[in-house]
Amino acid sequence: MDHDPDIDQGEARARTAMTSPPFFDEASGTVRFWVTIDGTEVGAMIGKETLHYHYRPAAMDDLPLDTFVHHAEELDAAVRRRVIAGAYVPVMLREFDLAV
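Just so we're clear, the structure is a prediction, and the values are computed from it rather than from any experiment.

Right, let's get into the overall build of the protein. Within the protein, the secondary structure is distributed over 5 helices and 4 strands. With an accessible surface of roughly 6,000 Å², the protein has 54% of that area assigned to carbon and sulfur atoms.

This is the structure in structure tokens:
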């Protein structure tokens with residue numbers, strides 16, 4: 001998997017906010033990640049299409065994991081909002097979860 005060298009700081013921030021590193025699951029087409037909420041690791045995922053259309057609609061070469069890492073804090077917050085609202089886990093983030 002190719003990674004942009006400029007992502008390293010973003011990856012460090014994402015890994016600090018999440019206890020396990022995120023990964024792209026080819027079979028489901030989702031980035032899978034975990035967010036610690038009240039001492040519990042909560043699983044979450046977001047589709048590559050959602051990432052693309054929400055964050056990089058004009059991009060031709062976007063990589064879902066790289067896009068995720070650049071927006072990890074916002075995605076972490078979206079998972080927290082969904083869990084507080086009573087969502088079942090794992091949380092599947094959708095486009096409207098990202099609009100604040």
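When you tally the buried positions in strand β3 (residues 40-47), you get 6 out of 8 residues, the bulk of the element. Alignment of strand β2 (residues 30-37) against β3, held across 8 bridges, turns out to be antiparallel. Directly across from Thr30, in β3, lies its bridge partner Gly47. In the sheet, β3 pairs with strand β4 (residues 91-93) via 3 bridges, with the strands oriented parallel. Opposite Ala44, over in β4, you have Val91 as the bridge partner.

The strand order across the open sheet built from 4 strands is β1-β2-β3-β4, with neighbouring strands paired in mixed fashion. The open sheet has two free edges, formed respectively by β1 (23-25) and β4, since each of these has just one partner strand. Pairs of neighbouring strands in the sheet enclose a mean axial angle of 35°, with direction left out of account. Together, β1, β2 and β3 form the strand contacts of helix α2 (residues 48-55), whose direction differs from that of β3 by roughly 70°. Its contacts with the sheet put helix α4 (residues 72-84) on β2, β3 and β4, and the angle it makes with β2 is roughly 65°.

What follows concerns the pattern of salt bridges. Within this structure, the stated rule accounts for 4 salt bridges. Two residues, Arg32 and Asp25, come together in a salt bridge whose shortest N-O distance is 3.5 Å. Arg32 gets classed as partly exposed once you look at its relative accessible area, which sits at 27%. Across the salt bridge formed by Asp97 and Arg82, the nearest N and O atoms sit 3.0 Å from each other. With Asp97 in helix α5 (residues 95-98) and Arg82 in helix α4, this pair connects stretches of sequence that are 15 residues apart. Where salt bridges share partners, they join Arg82, Arg94 and Asp97 into one cluster.

Conventions used here
Residues numbered from 1 in each chain as written. Predicted model: local features only at pLDDT ≥ 70, side-chain atom pairs only at ≥ 80, totals over all residues. Heavy atoms only, no water. Helix = DSSP H or I, 4+ residues; strand = E, 2+ residues; numbered from the N terminus. Areas by Shrake-Rupley, 256 points an atom, 1.4 Å probe, with all protein chains shown as cover. Buried < 20%, exposed > 50% of the residue type's maximum accessible area, 1.4 Å probe, protein only. Pairing = 2+ DSSP bridges. Axes fitted to C-alpha atoms, helices over the stretch in contact; angles between N-to-C directions. Contact = heavy atoms within 4.5 Å. Salt bridge = Lys/Arg side-chain N within 4 Å of Asp/Glu carboxyl O.

Any functional reading would require information that these geometric values do not contain.
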